[in-house]
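Here is what each chain is made of, one letter per residue.
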Amino acid sequence: MSSLAVIHAAQLVTLAGPKRPRVGAGMADLAIIRDGGMLIRDGKIDSVGPSDEIEKKSRGAEIVDAGGRVVLPGFVDAHTHLVFAGNRLDDFERRAHGESYQQISKAGGGIWSTVEKTRAASDHDLLLQAKKHAEWFLRCGTTTVEAKSGYGLTVEDELKILRVMERLNKETPLEIVPTFLGAHAVPREMDADEYVELMLAQMLPRIAREKLAEFCDVFCERGYFDVERSRRILTAARELGLRLRIHTDQLSNSGGAKLAAELEATTADHLEKTDGHGIAALKSAGVQPVLLPGSVYALGSPDYPRVREMIEAGLAVVIATDFNPGSSPTPSMPMILSLACTQMKMSPAEATTAATINGAYSLNRGEKIGSLERGKLANFSIFDCEDYRELAYWFGVPQTHSVYVRGKRIV
Ligand SMILES: [Zn+2]
């Protein structure tokens, strides 16, 4: 039996608390232990407490002296598009010159250009690029990510992306939670109804049979999948045993928040345009909002979601990177913490909760990860600072000292 004792954390940010997502004032309670430590046995947390108590219990254990640094649970990034080929550098430069999304799309950019590159890429090349992305996440202190398909849009290409995720899960320390997002865009070679039929008749049954995804997601937005088509896809997915997430209200208040409530989706994501009625609907059904300030920032938009109203309404808010090549090319949760505090006016403590334990619950893993408590996986990071608030404060500064997954140092 291997054991490891972490001692002398200036702040051991445990997020210990009730066994449910945190809401309201509870989002600001991080249960910090000063000069804290924890004992780890066989990859799981055995005990957490003041350093001197942990030291007494740690005979024979390998000692990790955190040296007065901050220790946090591994970040849980509950919304990413991790597997894709290439990049969107040309779109990035065009946007800098003030071109609109429509102009960029016409010039051969936009999501379709990533679909074409991803279809053309071999499994091997996709896996190689995804491994590079996984390495980035780990180096930023993220140990679990949700990852969506959606750059294939054919049966074979969607399966190819989901299989790359399966291999990534086996071949890197980053834990991947796979989501099928076939309904990311309508492929150019067919119309929306034909494509929905293809998803219902072929994609979803195969993905469910081969257990390639835990969640199904839909881009519910004017010009993508309207509420009626989104409902058909998500209802079929639910019947096959998948849990639900929805991209919605990003560009317009499309009624997707209400659809998420109606279908009892686990999460509704983006929500930049969601109003008070949408917030009330999410609350009534216990849907978790997943907010993505990185995409608002990278698109140069002033419209951040109304997080203060959501917290006041008692929603268990999650923040995530939305890592993708078009609208949010960042794997950095510390950057998202900074945006959450400066642009959305979350407190550093609320943002930390939204990036760890609440993310874990939104991925159906709240019992296993997201906090430093007895019995949970020993997924944690040591940061080169003395106060957890420094992570959001010193933006753009790499502060990762080391990262552990299941008690093993991997960064
Ligand atoms: Zn997204």
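The structure this text deals with has already been given above.
Now for a description of the structure that goes with this document. Bear in mind the structure is a predicted one, so any value in this text is a computation, not a measurement.

Calculation rules
- Throughout this document, residue positions are counted from 1 along each chain, in the order its sequence is written.
- Thresholds applied to this predicted model are a pLDDT of at least 70 for local features of residues and 80 or more for the giving and counting of side-chain atom pairs; totals over whole chains, interfaces and linings are not thresholded and use all residues.
- No hydrogens and no water enter the side-chain calculation; it runs on all heavy atoms of the structure.
- For two strands to be treated as a pair, DSSP must find no fewer than two bridges joining them.
- Where helices and strands are cited, they refer to DSSP runs of H or I of at least four residues and of E of at least two residues respectively, numbered from the N terminus.
- Accessibility here uses a 1.4 Å probe with only protein chains present; expressed as a share of the type maximum, an area under 20% marks a residue as buried, one over 50% as exposed, and anything in between as partly exposed.
- Whether a crossover is right-handed comes down to one check: with the strands pointing away from the viewer, does the path from the first strand over the helix to the second run clockwise; if it does, it is right-handed.
- In this description, a donor is an N, O or S atom within 2.8 Å of the metal centre, a cutoff extended to 3.2 Å for sodium, potassium and calcium. Water is not part of the atom list, which can make sites seem incomplete.
- Square planar and octahedral assignments, for four and six donors respectively, both demand that opposite donors be over 155 degrees apart and that all other angles lie between 65 and 115; tetrahedral needs four donors with all angles between 85 and 135 degrees, and anything else is irregular.
- We define the nonpolar core as a collection of buried residues of types Ala, Val, Leu, Ile, Met, Phe, Trp, Tyr and Cys that are connected through side-chain atoms lying within 4.5 Å of one another.
- Any two residues whose heavy atoms approach within 4.5 Å are treated as being in contact.
- When two rings of Phe, Tyr or Trp (its six-membered ring) have centres within 6.5 Å they constitute a pair, described as stacked for plane angles under 30 degrees, edge-to-face for angles over 60, and tilted for the intermediate range.

### Here we look at the sheet that holds strand β14 (residues 400–405)
Okay, so step 1: Across the sheet, which stays open at both edges, the 7 strands sit in the order β3-β2-β1-β4-β13-β14-β15 with mixed pairing between neighbours. Edge positions in the sheet fall to β3 (44–50) and β15 (408–409), since each has one partner strand and no second.
Okay, so step 2: Note: strand β2 (residues 32–41) against β3, 6 bridges, orientation antiparallel. For G36, the partnering residue across the bridge sits in β3 and is P50.

### What to know about the pairing of strand β9 (residues 243–248)
Okay, so step 1: Of all 6 residues that make up β9, 5 are buried, and the element is covered over most of its length.
Okay, so step 2: For the crossover that starts at strand β8 (residues 215–220), traverses helix α8 (residues 227–239) and ends in the parallel β9, the hand is right-handed.
Okay, so step 3: Of the strand pairs in this sheet, β9 and strand β10 (residues 267–270) are connected by 4 bridges, and their pairing is parallel. Its bridge partner being in β10, H247 is matched across the sheet by D269.

### Quick word on the coordination of the zinc ion
Okay, so step 1: Note on the zinc ion: its protein donors are H79 (NE2), H81 (NE2), H247 (NE2) and D322 (OD). The metal-donor distances range over 2.1 to 2.4 Å.
Okay, so step 2: Around the zinc ion, the 4 donor atoms sit at angles spanning 85 to 168°, and that spread fits a shape best called irregular.
Okay, so step 3: Each donor residue of the zinc ion lies on the same chain, and together they follow the pattern H-x1-H-x165-H-x74-D. With H81 in the loop between β5 (75–77) and α2 (89–96) and H247 in strand β9, this residue pair connects regions lying 166 residues apart in the sequence. Each member of the pair, H81 together with H247, is buried.

### Here's the deal with the pairing of β8
Okay, so step 1: Across the 6 residues of β8, 6 count as buried, placing the element largely inside the fold.
Okay, so step 2: Of the two faces of β8, the one holding F215, D217 and F219 and the one holding C216, V218 and C220 are both buried throughout.
Okay, so step 3: Note: strand β7 (residues 175–183) against β8, 3 bridges, orientation parallel. Considered in β8, the bridge of A183 is made with V218.
Okay, so step 4: With helix α7 (residues 192–209) bridging β7 and the parallel β8, this β-α-β connection has right-handed handedness.

### Details of the nonpolar core
Okay, so step 1: Counting residues in hydrophobic clusters, the biggest one holds 100 residues, and the most contacted among them are V317, I319 and M346.
Okay, so step 2: Here M346 is in contact with M27, V307, R308, I311, V317, I319, A340, C341, A351 and A354, once residues within four sequence places are set aside.

### What about the packing of aromatic side chains?
Okay, so step 1: Across all of its chains, the model carries 9 aromatic pairs by this definition.
Okay, so step 2: The interplanar angle of 40° and the centroid separation of 6.0 Å between the aromatic rings of F75 and F383 together place this pair among those described as tilted. Residue F75 is found in strand β5, and its partner F383 is found in strand β13 (residues 380–383); the two are separated by 308 residues along the sequence. For the pair shown, F75 and F383 are each scored as buried.
Okay, so step 3: Seen in terms of ring centroids, Y393 and W394 are 4.7 Å apart; in terms of plane orientation they differ by 65°. Their pairing is edge-to-face.
Okay, so step 4: Exposure remark for W394: the relative accessible area of 41% places this residue in the partly exposed category.
Okay, so step 5: One aromatic cluster is present, built from ring pairs that chain together F84, W136, F137, Y151 and F323.

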